[in-house]
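Residues per chain are reported as follows:
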Amino acid sequence: MSLLVIGTLAYDSIETPFARRENVLGGSAVYFSLSASNFGPVRLVGVVGGDFERKDLELLSTRGVDVRGVERVADGKSFRWSGRYEADWNTRTTLETQLNVFEHFDPKVPKNFRDSTFVFLANAEPKVQLRALEQCSSPGFVVADTMNLWIEIRRDELLEVLRRVDGIVLNDEEARMLTGERNLIKAAAKVRELGPRYVILKKGEHGAFLFGEDVRYALPAYPVDAVIDPTGAGDCFAGGFMGYLAAADCVEAPTLRRAMLYGTVTASFCVQGFGVEALEAKKRAQIESRFNEMLEFVTL
Ligand code: AMP
């Protein structure tokens, strides 16, 4: 089944306790697409500036991502983000966000993308997420992501997004910020009252929860021996989750649980390299092998 993503294509500058890299390929939609394309084709909508390198779009194309929905503003600059991780990996400080071409982005979903059934509104300004969703003719399963910045400065628009989606992906801090509730179980219930039938709560290295009317599921993260850079792990989780659902063309509870497992696996590959480097050459066979390992971890 068809899978559409709208979100950022970016150049990131990242500082970890061990290394620092400038202007590496990133962005919510880039991480999502590279992860989801392991399961089937992905349609991508976003915007870049004249500084966005052709080779980066080619990387996406060679991975089965249809980039015809990526607008290029020749005299503009691409979205840029910089952040720093503390030694515990769970504390991340955004040092700078430059919206650049994203600031006035009015997304145009190409005609041949509009019939997409599975839609992921990756982290982006809520009004951009809404504009993209409005252009989809028959979305069957829509999931959104967001972040603390939008919860703080675009709360009303974000609440509108929540009323229109089937699922939302949040980390623990975002869920608390959105609801004012410290307990995560209560926070998830409050988020569901705002609209989405499903809430996925990510807890970094501690794993992820799925809450819905017909399903409650929890998984630890896959234990990697060395974290190199956690940037994009959330988007890669969402990519594995949505990519698997779209390929299965099903959102029944057992499929949702398997999708959580695939999300856990794709996120684990992401953190094992800087930027997107650990995702570039991933093969489905490696994903299946880690999926089976993960199953062993969590079953008796
Ligand atoms: P994650 O680590 O899963 O939260 O995703 C990190 C990616 O999100 C980076 O590659 C950034 O370029 C991108 N990003 C950071 N801030 C924003 C924002 N405000 N809106 C959209 N994308 C963002």
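Owing to the predicted nature of the structure, the values given are computational and were not obtained by experimental measurement.

J.: Got a sec to walk through the packing of helix α1 (residues 28-36) against helix α8 (residues 233-248)? Specific residues and values, please.
T.: Where α1 contacts α8, the axes come no closer than 7 Å and their chain directions differ by 40 degrees. In this view, α1 runs oblique relative to α8, as classed from their interaxial angle. The two elements α1 and α8 meet at a crossing, and its hand is right-handed. Between α1 and α8, the residues in contact are Ser28, Tyr31, Phe32, Ser35 and Ala36 and Asp235, Cys236, Ala238, Gly239, Gly240, Met242 and Gly243, respectively.

J.: Please give an account of the site of the ligand that cites residues and values.
T.: Around the ligand, 19 residues are found, and the nearest of them are Asp12, Gly27, Arg92, Gly232 and Asp235. Between the ligand and the protein, one listed contact pairs an oxygen atom with a side-chain N or O atom of Arg92 at 2.8 Å. Computed on the free molecule, the ligand has an accessible area of 500 Å², of which 93% lies beneath the protein chains in the complex. Of the residues belonging to the shell around the ligand, the class tally is eight nonpolar, eight polar and three charged.

J.: Please give an account of the packing of aromatic side chains that cites residues and values.
T.: Two aromatic rings are characterised by how far apart their centres lie and by the angle between their planes. For the coordinates displayed, the defined rule picks out 14 aromatic pairs. Between the aromatic rings of Phe18 and Trp89, the centroid separation amounts to 6.2 Å while the plane-to-plane angle is 50 degrees, which identifies the pairing as tilted. Of this pair, Phe18 sits in the loop between β2 (10-15) and β3 (20-26) while Trp89 sits in the loop between β6 (79-85) and β7 (92-98), placing them 71 residues apart in sequence. Assessed through its relative accessible area of 71%, Phe18 is described here as exposed. Centroid distance Phe79 to Phe102: 6.0 Å. Interplanar angle 70 degrees. Geometry classified as edge-to-face. Highlighted residues: Phe79 in strand β6 and Phe102 in the loop between β7 and β8 (118-121), separated in sequence by 23 residues. We classify Phe79 as buried; its relative accessible area is 11%.

J.: An account of the environment of Glu15 is needed here, citing residue identities and associated values.
T.: Take Glu15: it is sitting in strand β2. Within the local environment of Glu15, its side chain forms a polar contact with the side chain of Arg20, the two groups lying 2.9 Å apart.

J.: Break down a nonpolar patch on the surface for me, with residues and values.
T.: Together, Leu295, Phe297 and Val298 line one region of the surface with nonpolar side chains, adding up to about 230 Å² of accessible area. Tracing the chain through its elements places Val298 in helix α10 (residues 284-298).

J.: Talk me through the side chain of Asp66; I want residue IDs and the actual numbers.
T.: Relative to the assigned elements, Asp66 resides in strand β5 (residues 65-73). Only 2.7 Å separates the side chain of Asp66 from the side chain of Arg68, close enough to count as a polar contact. The contacts of Asp66, once residues within four sequence positions are left out, are Val42, Arg43, Leu44 and Phe113.

J.: Explain the pattern of salt bridges residue by residue, including any values.
T.: Using the criterion set out here, one finds 19 salt bridges in the structure. In this structure, Glu22 and Arg20 form a salt bridge, with 2.5 Å as the shortest nitrogen-oxygen distance. The residue Glu125 makes a salt bridge to Lys127 at a minimum N-O spacing of 3.9 Å. Residue classification places Glu125 among the buried residues on the basis of a relative accessible area of 5%. Take Lys127: its relative accessible area is 43%, and that puts it in the partly exposed class. Beyond isolated ion pairs, a larger network of salt bridges with shared partners links Glu15, Arg20 and Glu22.

J.: I'd like a rundown of the sheet that holds β3, residues and numbers included.
T.: Read across the sheet, four strands follow the order β3-β2-β6-β7 without closing on themselves; strand pairing throughout is mixed. Edge strands, defined here as strands with exactly one partner in the open sheet, are β3 and β7. Going across the sheet, the axis of each strand differs from the next one's by a mean of 20 degrees, ignoring polarity.

J.: Go over the pairing of strand β9 (residues 141-145), please, and point to the residues and values.
T.: Burial of β9 is extensive: five of the five residues sit out of reach of the surface. Sheet topology note: the β8/β9 ladder contains four bridges and is parallel. In the sheet register, Val119 faces β9, and the bridge partner there is Val142. Following the chain from β8 across helix α3 (residues 126-134) to the adjacent parallel β9, one finds a crossover that is right-handed. Pairing of β9 with strand β10 (residues 167-171) involves three bridges; the strand directions are parallel. Looking at the pairing, Ala144 lines up with Ile168 of β10.

J.: So what's going on with the state of the cysteines? Residues and values would help.
T.: Here, the word disulfide means a covalent bond between the sulfur atoms of two cysteines. Using the criterion set out here, one finds zero disulfides in the structure. Residue Cys270 stays outside any disulfide, its sulfur separated by 3.7 Å from that of Cys236, the closest cysteine. Look at Cys270 and you get buried, because its relative accessible area is 0%.

J.: So what's going on with unusual backbone geometry? Which residues, and what values?
T.: The phi torsion at Asn100 lies on the positive side, around 50 degrees, for a residue other than glycine. Its identity is not glycine, yet Asp249 carries a phi of approximately 50 degrees, on the positive side. Its place among the elements puts Asp249 in the loop between α8 and α9 (253-270). Taking the relative accessible area as the measure of exposure, Asp249 reaches 43% and is therefore partly exposed.

The rules behind the values
- Just so you know, the residues in each chain are numbered from 1, in the order the chain's sequence is written.
- Only residues with pLDDT of at least 70 are given local features in this predicted model, and only at 80 or more are side-chain atom pairs given and counted; all residues enter the totals for whole chains, interfaces and linings.
- Hydrogen atoms and water are omitted, and side-chain values are computed over all heavy atoms in the structure.
- Lines fitted to C-alpha atoms define the axes, with helix axes restricted to the stretch in contact, and inter-axis angles between N-to-C directions lie between 0 and 180 degrees.
- Runs of E in the DSSP output that reach at least two residues are strands. Runs of H or I that reach at least four are helices, and both are numbered from the N terminus.
- Angle categories: roughly parallel below 35 degrees, roughly antiparallel above 145, roughly perpendicular from 65 to 115, and oblique for all the rest.
- Left-handed describes a crossing whose near helix is turned anticlockwise from the far helix through less than a right angle; right-handed describes the clockwise counterpart.
- Residues are treated as being in contact if the distance between any of their heavy atoms lies within 4.5 Å.
- One heavy atom suffices: a residue is near a molecule or strand as soon as one of its heavy atoms comes within 4 Å of it.
- For the purposes of these results, a polar contact is taken to be a pair of N or O atoms within 3.5 Å, where, inside protein, one atom must be able to donate a hydrogen and its partner to accept one; residues adjacent in sequence count only when each atom of the pair is a side-chain atom.
- Areas reported as accessible are Shrake-Rupley estimates using a 1.4 Å probe. Residue values count occlusion only from the protein chains shown.
- The residue classification treats Ala, Val, Leu, Ile, Met, Phe, Trp, Tyr, Cys and Pro as nonpolar and Asp, Glu, Lys and Arg as charged. All others, Gly included, are polar.
- Working definition: rings of Phe, Tyr and Trp (its six-membered ring) pair if their centres are within 6.5 Å, and the pair is stacked with planes under 30 degrees apart, edge-to-face with planes over 60 apart, and tilted otherwise.
- Here's how the labels work: a residue is buried when its accessible area is under 20% of the maximum for its type, exposed when over 50%, partly exposed in between, all with a 1.4 Å probe on protein chains only.
- In this analysis, a patch consists of residues with relative accessible area above 30% that form no salt bridge, clustered at 9 Å for like charges and at 5 Å for the nonpolar side chains Val, Leu, Ile, Met, Phe, Trp and Tyr.
- Salt bridge, as used here: a side-chain nitrogen of Lys or Arg that lies within 4 Å of a carboxyl oxygen of Asp or Glu.
- Strand pairing is defined by DSSP finding a minimum of two bridges between the two strands.
- Handedness rule for crossovers: strands pointing away from the viewer, path from the first strand over the helix to the second running clockwise, crossover right-handed.
- The definition used for a disulfide is geometric: two cysteine sulfur atoms within 2.5 Å.

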